[in-house]
Amino acid sequence: MSVIHADFTIERQYDCTPAQTFSAFADPELKGQWFTVPADWENRAWELDFRVGGGEFNRGAPPGGSVHTFKSRYHDIVADERIVFAYDLLIDDRLMSTSLTTVQLFGAEGGTRLLFTEQGAFFDGIGDPAEREHGTGKLLDALGEHLAGATR
């Protein structure tokens, strides 16, 4: 039984307002366009209750593969500025990691500067912090692609 503690911060610049970026996290229709499991996955489920005390649930599995589950709870939300949430990731109902995440949005010349900071505990060698950081970067890139398409 082991625990690895890790943290990372990823920065992105988006060519839209902080309000547009915030909406991509807060609006279920918008978030479902960039933060979801692949369309060909099985056992898909997704729910979003974007409010302090609410949370998000996302589940799915590649065909014939392990079920991945994301469960979060929102602790602090400041419209257009900050989102703080804690989340668990499970693989086939086995806890892989627990993280505290802060998303900060800053108005910047030409758009929004986003800082995504995650502090995580990774359990029993199931998860890899470097893979998590890489995967989170890909999600934030997907957010950027979504925002670029939405603001055209």
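The structure under discussion appears in the preceding block.
This report concerns the structure included in the present document. All values derive from a computational prediction rather than experimental measurement.

1. Remarks on the packing of aromatic side chains
Logical step 1: By the definition in use, this model includes eight aromatic pairs.
Logical step 2: When the ring of W34 is compared with that of F35, the centres are 5.7 Å apart and the planes differ by 70 degrees; the resulting orientation is edge-to-face. F35 shares its class with W34; the two are buried.
Logical step 3: Every member of this aromatic cluster is reached through a ring pair, and the members are F22, F25, W34, F35, F50, F70, Y74, F85 and Y87.
Logical step 4: Taking NZ or CZ as reference, K31 lies 4.7 Å from the ring centre of F35, over its face.
Logical step 5: Its guanidinium or amino end placed over the ring of F106, R113 lies 5.1 Å from that ring's centre, counting from NZ or CZ.

2. Concerning unusual backbone geometry
Logical step 1: Notably, D80 is not glycine yet its phi reads approximately 65 degrees, a positive angle.
Logical step 2: For D80, the position within the fold is in the loop between β4 (68–78) and β5 (82–91).
Logical step 3: Here D80 falls in the partly exposed class, since its relative accessible area comes to 32%.
Logical step 4: Positive phi is not limited to glycine here, since D124 has a value of about 55 degrees.
Logical step 5: Locating D124 in the fold gives a position in the loop between β7 (111–123) and α3 (129–150).

3. Quick notes on the side chain of T112
Logical step 1: Mapped onto the secondary structure, T112 falls in strand β7.
Logical step 2: Within polar-contact distance, the side chain of T112 engages the backbone oxygen of C16 at 2.7 Å.
Logical step 3: Residues within four places of T112 in sequence aside, it is in contact with R12, Q13, Y14, C16, T17, P18, T21, L105 and F106.

4. Thoughts on the pairing of strand β2 (residues 42–48)
The two faces of the sheet receive side chains in turn, since in a regular strand these alternate between them.
Logical step 1: Where β2 and strand β3 (residues 55–61) come together, five bridges link them in antiparallel fashion. By the bridge assignment, L48 is partnered in β3 with E56.
Logical step 2: Here β2 hands over to β3 after six residues, with G53 in that stretch at a positive phi of 90 degrees.

Analysis parameters
Residues numbered from 1 in each chain as written. Predicted model: local features only at pLDDT ≥ 70, side-chain atom pairs only at ≥ 80, totals over all residues. Heavy atoms only, no water. Phe/Tyr/Trp six-rings, centres within 6.5 Å; stacked < 30°, edge-to-face > 60°. Buried < 20%, exposed > 50% of the residue type's maximum accessible area, 1.4 Å probe, protein only. Lys NZ or Arg CZ within 6 Å of the ring centre and 35° of its normal. Helix = DSSP H or I, 4+ residues; strand = E, 2+ residues; numbered from the N terminus. Polar contact = N/O pair within 3.5 Å; in protein donor to acceptor, adjacent residues only side chain to side chain. Contact = heavy atoms within 4.5 Å. Pairing = 2+ DSSP bridges.

As far as function goes, none of this settles anything; it's purely spatial.
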